Amino acid sequence: MALIPVQLAGRSYEVRVGTGLLYDLAVEAKPFLRKRYACIVADANARRSWGETVGRSLEAAGIAPRWYDVAPGEASKSWESLAGLTDWLLKQNVERGDHVFALGGGVVGDLTGFACAILKRGCGFVQLPTTLLAQVDSSVGGKTAINTSAGKNLVGAFHQPSLVLADLDTLSTLPSREVRAGYAEVLKYGVLGDNDFFEWLEDRAYSVLALQRQSLEEAVARSVRAKARIVAEDERETSGARALLNLGHTFGHALEAETGFSDKLLHGEAVALGMVLAARYSARQGLMGGEDAERVTRAVDAAGLPAEISALDLCCTGAALTAHMLHDKKMDAGSLPFVLLRGIGAAYLDGEVNLADVAAFLDEQLQAH
Ligand SMILES: NC(=O)c1ccc[n+]([C@@H]2O[C@H](COP(=O)([O-])OP(=O)(O)OC[C@H]3O[C@@H](n4cnc5c(N)ncnc54)[C@H](O)[C@@H]3O)[C@@H](O)[C@H]2O)c1
Ligand SMILES: O=C(O)C(=O)C[C@@H](O)[C@H](O)[C@H](O)COP(=O)(O)O
Ligand SMILES: [Zn+2]
């Protein structure tokens, strides 16, 4: 098992990456189980596969699980779901010193984390991520949010979990499309700041995607270490360091908005395509060689992730996509900094990008191939 600390003044916590963690939940999370019952907010699919394991562990320790099911899918990151969940948590008499458990992917983690940030002005929560994406990214770092009609993650809070248990066993029931989507955020850590990790992934994409135990554990642990380091340096995204985790997301969130936050394009798929676009735009600006952009494209394509925007059959213009970007949380005094690349492993935040030029680039990409 890998034990990875997220070091934050007064609020440090541990991310445990390994197997059998849900089986031993009552032991692993003992300090956060102080009542005879525990509230578990669960993605309905995650509960179907892993609810019994969780329930048995708690019951054996004399703790009754109280379940709240969340409908699978991005639509659950909504005001309606937030209202339903907070009402339910209040009915369970959750106190500030209690911990709520979030079992599922990024949707349940983001929703539950936000509910816990505002419940009685803040109660504790523990992340039990059951998707690859949630294990390598969303369960760590304390960004919580819901979507609004204006766009992605626009209402939320920074609220750190007290513990993250990334049980690799849970990935055995995850559909392969979701494994690939999670892999996009793994690849992101290599592209943004770690050329060695990128090369390691070029060699091992197949075994990670096949969930081969050793490669999987190494990929998850290296990803979490990368994220923990950045979050410790810039928890609230104020210095520019954390903004690098947004690589591919300015394009990706616009694509998610354009496809209606639907199954047509999962978050990880949008990020994969967004990374390709960021790499190609960087090459077009002369920031890095075209061959590096090609390597990013090949790594995305080899993982079975979308690498061509033209293949999405979007009926929109580049300007329509850049219009979505005006809601990006990185907007600063009317301009939008972009995460661009000076090479693989060398991302930086560029405040000089011209949105009209990005729109023209996107028009080229929409028509290419
Ligand atoms: N807070 C952050 O830092 C952060 C980081 C990255 C992504 N996100 C957010 O995370 C969300 C995407 O998360 P996701 O990719 O985990 O999607 P998700 O939560 O929608 O889960 C993906 C699918 O897998 C199913 N599922 C979950 N666990 C399962 C299991 N073990 N077995 C079988 N099925 C299972 C779910 O029902 C769902 O259909 C997006 O909303 C994104 O914005 C947040
Ligand atoms: O943790 C971060 O910081 C990230 O940017 C991680 C991203 O993968 C994640 O999708 C995040 O929610 C996007 O951040 P946002 O601030 O653009 O909503
Ligand atoms: Zn993301």
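Residues numbered from 1 in each chain as written. Chains lettered and ligands numbered in written order. Predicted model: local features only at pLDDT ≥ 70, side-chain atom pairs only at ≥ 80, totals over all residues.

Here we look at the site of ligand 1
We apply this condition: Any residue whose C-beta atom, as placed from the backbone, lies within 6 Å of a molecule or strand is termed near it. The secondary structure listing takes helices from DSSP runs of H or I that are at least 4 residues long and strands from runs of E that are at least 2 residues long, numbered from the N terminus. Each residue is assigned to one class: nonpolar for Ala, Val, Leu, Ile, Met, Phe, Trp, Tyr, Cys and Pro, charged for Asp, Glu, Lys and Arg, and polar for all the others, Gly among them.
In the vicinity of ligand 1 lie 30 residues, with Asn 45, Pro 72, Gly 105, Gly 106 and Ser 138 positioned nearest. Mapped onto the shell around ligand 1, the elements with two or more residues apiece are helix H2 (44-60), helix H4 (106-118), helix H5 (132-138), helix H6 (176-193) and helix H10 (267-284). Partitioning the shell around ligand 1 into residue classes produces eight nonpolar, 15 polar and seven charged.

What to know about the site of ligand 2
Inclusion rule: Domain start and stop points were drawn from an automatic or database domain assignment.
Taken together, Asp 137, Gly 141, Lys 143, Asn 153, Glu 185, Arg 242, Leu 245, Asn 246, His 249 and Lys 329 form the complete shell of residues around ligand 2. For the shell around ligand 2, a count of residues per class yields one nonpolar, four polar and five charged. Per-domain counts for the shell around ligand 2 show at least three residues from each of domain 1 (2-173) and domain 2 (182-367).

Examining the UniProt feature "binding site: Zn(2+)" (unreviewed entry) in the chain
For clarity, the cut-off: UniProt positions are given in the numbering used here, feature names are shortened, and annotations may be inferred rather than shown by experiment. Contact between residues is assigned whenever the C-beta positions, reconstructed from backbone atoms, fall within 7 Å.
The UniProt record annotates "binding site: Zn(2+)" (unreviewed entry) at Glu 185, His 249 and His 267. The greatest C-alpha distance among the annotated residues, which extend across 83 residues, is 10.3 Å, indicating that they converge on a single site. With sequence-adjacent residues up to four places away left out, Glu 185 is seen in contact with Leu 133, Val 136, Asp 137, Gly 268 and Val 271. Counting through the fold element by element, His 267 comes out in helix H10.

Overview of the pairing of strand S9 (residues 163-167)
Along any regular strand, the residues point their side chains to alternate faces of the sheet. To keep things clear, this is the line we draw: For the exposure call, what matters is how many other C-beta atoms sit within 10 Å of a residue's own: 20 or more marks it buried, 12 or fewer exposed, and in between partly exposed, using C-beta atoms placed from the backbone. For two strands to be treated as a pair, DSSP must find at least two bridges joining them.
The buried fraction of S9 amounts to five of the five residues, a majority that puts the element mostly inside the structure. Neither face of S9 is left uncovered, since the one carrying Leu 163, Leu 165 and Asp 167 and the one carrying Val 164 and Ala 166 both have all their residues buried. With two bridges connecting them, strand S6 (residues 124-129) and S9 associate as parallel partners. Following the sheet pairing, Gln 127 is matched in S9 by Val 164.

Side note on the sheet that holds strand S2 (residues 13-18)
As a reminder of what qualifies: Where helices are involved, their axes are fitted lines through C-alpha atoms of the stretch in contact, as for all axes, and angles between N-to-C directions lie from 0 to 180°.
With respect to topology, seven strands assemble into an open sheet ordered S1-S2-S9-S6-S5-S3-S4, the strand pairing being mixed. Each edge of the sheet is formed by a strand with only one pairing partner; in this case those strands are strand S1 (2-6) and strand S4 (64-70). Averaged over all pairs of adjacent strands, the angle between their axes in this sheet comes to 20 degrees, without regard to strand direction. Summarising the sheet, strand S5 (residues 99-104) and S6 pair through six bridges and their orientation is parallel. Across the sheet, the residue bridging to Gly 104 is Pro 129, located in S6. Of the strands in this sheet, strand S3 (37-43), S4 and S5 touch helix H3 (residues 79-91), which is tilted by about 165 degrees from S4. Strands in contact with helix H8 (residues 213-233) are S1, S2 and S9; relative to S1, the strand with the most contacts, it is inclined by about 15 degrees.

Remarks on the UniProt feature "domain: 3-dehydroquinate synthase C-terminal" (unreviewed entry) in the chain
Sequence positions flagged by UniProt for "domain: 3-dehydroquinate synthase C-terminal" (unreviewed entry) are, in local numbering, residues 182-331. Helix makes up 65% of residues 182-331 and strand 0%, and the two end C-alpha atoms of the span are 26 Å apart.

Let's talk about H10
As a reminder, the rule being used: One fewer than the residue count of a helix, multiplied by 1.5 Å, yields its expected span.
Here H10 is 18 residues long and its end C-alpha atoms lie 25 Å apart, about the 26 Å a rise of 1.5 Å per residue gives. In terms of burial, H10 is a largely internal element, 16 of the 18 residues being buried. Gly 286, located one to two residues past H10, shows a positive phi value of around 75 degrees.

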